[in-house]
Amino acid sequence: MKNLIIKAKETHSLTKEEIIALLQDESINEDLLKAADEVREKYIGNAVHLRGLIEFTNICKRNCLYCGLRRDNDNLKRYRLSEEEIIDFATKAVEYGYRSIVLQGGEDDYFTVERLTSIIKKIKALDVALILSIGERSYEEYKALKEAGADRYLIRIETTDTALYEELDPGMSHENRKQCLRNLKEIGYEVGSGSLVGLPGQTVESLADDILFFKEIDADMVGIGPFIPNEDTPLKDASVEGHFTLALKVMAITRLLMPTLNIPATTAMESLNKNGRVMALQSGANVVMPNVTEGEYRKLYALYPGKICISDTPAHCRGCISGKIQGIGRTISTTTGSHKDQMSMH
Ligand code: 5AD
Ligand code: SF4
Ligand code: FES
């Protein structure tokens, strides 16, 4: 099995069977995570990109069985930030030194292209990279938002298992999700995707497919997080056992196959393990997305339980995450952390 890790480190390619073998073998975990850390350092260095995350609406028209924001969850107070609040949080994020901003929300049709265009233009005037994460929209909408100034777009495939996807995301089409990713690439966004690890009914075979899918679509960013059962959803009784380690392994193999990729140490990792983001940063990740939303909104963006930082201020999180990054000998990036720039570094 060690030979497989060496092969992946040198050639950045593995077959589906080889990925499955690595995922199933618990005895190589340490070597695998370390190899991913080394590949990260060799190709993109020690800098960690910080992206200020604004969770601007927890209203969602979808009904994903795993997610606390699903429309049938009546147990959640809903909110939408005003344009003024969004710009205020973005302005403060820039003051904290963040060079990129992520606008993330549920699929909320209140935020039309017109409303988003106004917000995007004001954020872009702050001289940052702008990343949108607002789900499925039409080709024309994606194009208009790009023209308004958005630089990048995150939309997770969640799982490449079509049947599982359509069971867990009722009313949604896996084909349309893939089409969204193709459209975004064609329009010229840097595109982020990603997946959940530990979904009920998910197999190691499909996790291997997820990793190969990220490579196939030539993703610029890949966010991988453990699935964490939420009390207010139909999957409340699902298990969480083993999800953390498996998610770290999926992330590490993704790094081995895509050496210059942007990979966040996801918030969900730290929600399951108090050292989760640092462990992720030492297993292939090179991005952290500190929350810059203020007040009770943090708590209300309740995708899953145990979410970190819900009672902290953006300023506190800035100090906290900087300390963790410097504490492991890494540095804070001073660039916007574009994948295209990273590819030319090597
Ligand atoms: N556990 C972990 N991640 C979740 N997400 C939604 N619900 C959960 C959960 N219960 C993730 C999805 C989505 C992102 C915004 O949050 O992958 O794409
Ligand atoms: Fe909405 Fe996204 Fe949650 Fe699905 S995962 S319910 S699309 S916020
Ligand atoms: Fe928010 Fe540590 S990053 S408290």
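Treat the numbers as computed from the prediction; the structure is a model and nothing was measured.

Caption draft 1: Just the packing of helix H6 (residues 139–148) against helix H8 (residues 174–187), in detail. In contact at an axis separation of 10 Å, H6 and H8 are set at 35° when each is read in the N-to-C sense. Relative to H8, H6 is oriented so that their crossing is right-handed. Every residue of H8 that contacts H6 at Tyr-139, Tyr-142, Lys-143 and Lys-146 is listed here: Cys-180, Asn-183, Leu-184, Glu-186 and Ile-187. Here the residues of the contact of H6 with H8 sort into 5 nonpolar, 1 polar and 3 charged.

Caption draft 2: Seen up close, the side chain of Asn-63. Secondary-structure assignment places Asn-63 in the loop between strand E1 (47–57) and helix H4 (83–95). Residue Asn-63 is classed as buried on the basis of its relative accessible area of 6%. Reaching out from Asn-63, the side chain makes a polar contact with the side chain of Asp-72 at a distance of 2.9 Å. Those residues within four positions of Asn-63 in sequence are excluded, and the remaining contacts are Arg-70, Arg-71, Asp-72, Leu-168 and Pro-170.

Caption draft 3: Here's a closer look at the pattern of salt bridges. Scanning all chains against the criterion turns up 25 salt bridges. Between Lys-307 and Glu-55 there is a salt bridge whose closest N-O contact spans 3.2 Å. With Lys-307 in the loop between helix H13 (297–300) and helix H14 (314–327) and Glu-55 in strand E1, this pair connects stretches of sequence that are 252 residues apart. For Glu-55, a relative accessible area of 2% puts it in the buried group. Between Lys-122 and Glu-83 there is a salt bridge; the shortest N-O distance is 2.4 Å.

Caption draft 4: Geometry of the site of ligand 1. The environment of ligand 1 is formed by Tyr-66, Cys-67, Arg-156, Glu-158, Leu-196, Pro-226, Phe-227, Ile-228, Leu-303 and Tyr-304. For ligand 1, a nitrogen atom lies 2.9 Å from a polar atom in the backbone of Tyr-66. For ligand 1, a nitrogen atom lies 2.8 Å from a polar atom in the backbone of Ile-228. Compared with its free state, where it exposes 410 Å², ligand 1 has 87% of that area covered by protein. Each residue belonging to the shell around ligand 1 can be placed in one class, and the counts come to 8 nonpolar, no polar and 2 charged.

Caption draft 5: Representation of helix H3 (residues 29–44) within the structure. Between the first and last C-alpha of H3 there are 23 Å, a value that for 16 residues agrees with the 22 Å anticipated at 1.5 Å per step. Looking at H3, one finds that the buried residues are Asn-29, Leu-32, Leu-33, Ala-35, Ala-36, Val-39, Arg-40, Tyr-43 and Ile-44. Summarising the axial view, the buried residues of H3 lie within an arc of 155°, below the 170-degree limit, and thus occupy one face. In H3, the exposed positions angled more than 90 degrees off the buried face are occupied by Glu-30, Lys-34 and Lys-42.

Caption draft 6: Region of interest: the environment of Glu-294. The residue Glu-294 is located in the loop between strand E7 (287–288) and H13 in this model. Along the primary structure Glu-294 and Leu-4 are separated by 290 residues, whereas in three dimensions their C-alpha atoms are 45 Å apart. Setting aside its immediate chain neighbours within four residues, Glu-294 contacts Phe-89, Lys-92 and Pro-314. Among the polar contacts listed, one links the side chain of Glu-294 to the side chain of Lys-92, at a separation of 2.9 Å.

Caption draft 7: Expanded view of the environment of Ala-21. Examined against the element boundaries, Ala-21 turns out to sit in helix H2 (residues 16–24). Sequence spacing of Ala-21 and Ala-208 is 187 residues, and the spatial spacing of their C-alpha atoms is 9.6 Å. Ignoring any residue separated from it by four or fewer positions in sequence, one finds Ala-21 in contact with Met-1 and Leu-4.

Caption draft 8: Broad picture of helix H10 (residues 243–257). Counted at 1.5 Å a residue, the expected span for H10 with its 15 residues is 21 Å, and the 21 Å between its end C-alpha atoms agrees. Among the 15 residues in H10, 13 count as buried, and that is most of the element.

Caption draft 9: Representation of the packing of H3 against H10 in the model. Running from amino to carboxyl end, H3 crosses H10 at an angle of 40°, the nearest separation of the two axes being 9 Å. With respect to their mutual orientation, H3 and H10 come out oblique. Crossing geometry of H3 relative to H10 is assigned as left-handed. Along the contact surface, H3 presents Asn-29, Leu-32, Leu-33, Ala-35, Ala-36, Val-39, Arg-40 and Ile-44, while H10 presents Thr-245, Leu-248, Lys-249, Ala-252, Ile-253, Arg-255 and Leu-256. For the contact of H3 with H10, a count of residues per class yields 10 nonpolar, 2 polar and 3 charged.

Caption draft 10: The arrangement of the pairing of strand E6 (residues 221–226) in detail. Most of E6 is tucked away, with 6 of its 6 residues classed as buried. The side-chain alternation of E6 yields two buried faces, one formed by Met-221, Gly-223 and Gly-225 and the other by Val-222, Ile-224 and Pro-226. Alignment of strand E5 (residues 190–197) against E6, held across 6 bridges, turns out to be parallel. Bridge pairing in E6 places Gly-194 opposite Gly-223.

Caption draft 11: Inspection of the nonpolar core at higher detail. With 102 residues, the main nonpolar core has Ile-54, Ile-123 and Tyr-189 as its most contacted residues. With 9 residues, the single largest contributor to this core is H10. Listed in part, the 7 residues of the second largest apolar core include Val-102, Leu-154, Met-221 and Val-287.

Caption draft 12: View of the pairing of strand E2 (residues 100–105). Counting buried residues in E2 gives 6 out of 6 residues, a clear majority hidden from the surface. When E1 meets E2, the two strands line up parallel, connected through 6 bridges. The partner of Glu-55 across the bridge, within E2, is Gln-104. Following the chain from E1 across H4 to the adjacent parallel E2, one finds a crossover that is right-handed. Where E2 lies against strand E3 (residues 129–133), 5 bridges are found, and the strand directions are parallel. Within E3, the position partnered with Val-102 by the bridge is Ile-131.

So, how was this worked out
- Residues numbered from 1 in each chain as written.
- Chains lettered and ligands numbered in written order.
- Predicted model: local features only at pLDDT ≥ 70, side-chain atom pairs only at ≥ 80, totals over all residues.
- Heavy atoms only, no water.
- Axes fitted to C-alpha atoms, helices over the stretch in contact; angles between N-to-C directions.
- Helix = DSSP H or I, 4+ residues; strand = E, 2+ residues; numbered from the N terminus.
- Left-handed = near helix turned anticlockwise from the far one by under 90°.
- Contact = heavy atoms within 4.5 Å.
- Nonpolar A, V, L, I, M, F, W, Y, C, P; charged D, E, K, R; others polar.
- Buried < 20%, exposed > 50% of the residue type's maximum accessible area, 1.4 Å probe, protein only.
- Polar contact = N/O pair within 3.5 Å; in protein donor to acceptor, adjacent residues only side chain to side chain.
- Salt bridge = Lys/Arg side-chain N within 4 Å of Asp/Glu carboxyl O.
- Near = heavy atom within 4 Å.
- Areas by Shrake-Rupley, 256 points an atom, 1.4 Å probe, with all protein chains shown as cover.
- Expected span 1.5 Å × (residues − 1).
- Arc of directions from axis to C-beta.
- Parallel < 35°, antiparallel > 145°, perpendicular 65-115°, else oblique.
- Pairing = 2+ DSSP bridges.
- Core = buried A, V, L, I, M, F, W, Y, C linked by side-chain atoms within 4.5 Å.
- Right-handed = clockwise from strand over helix to strand, strands pointing away.

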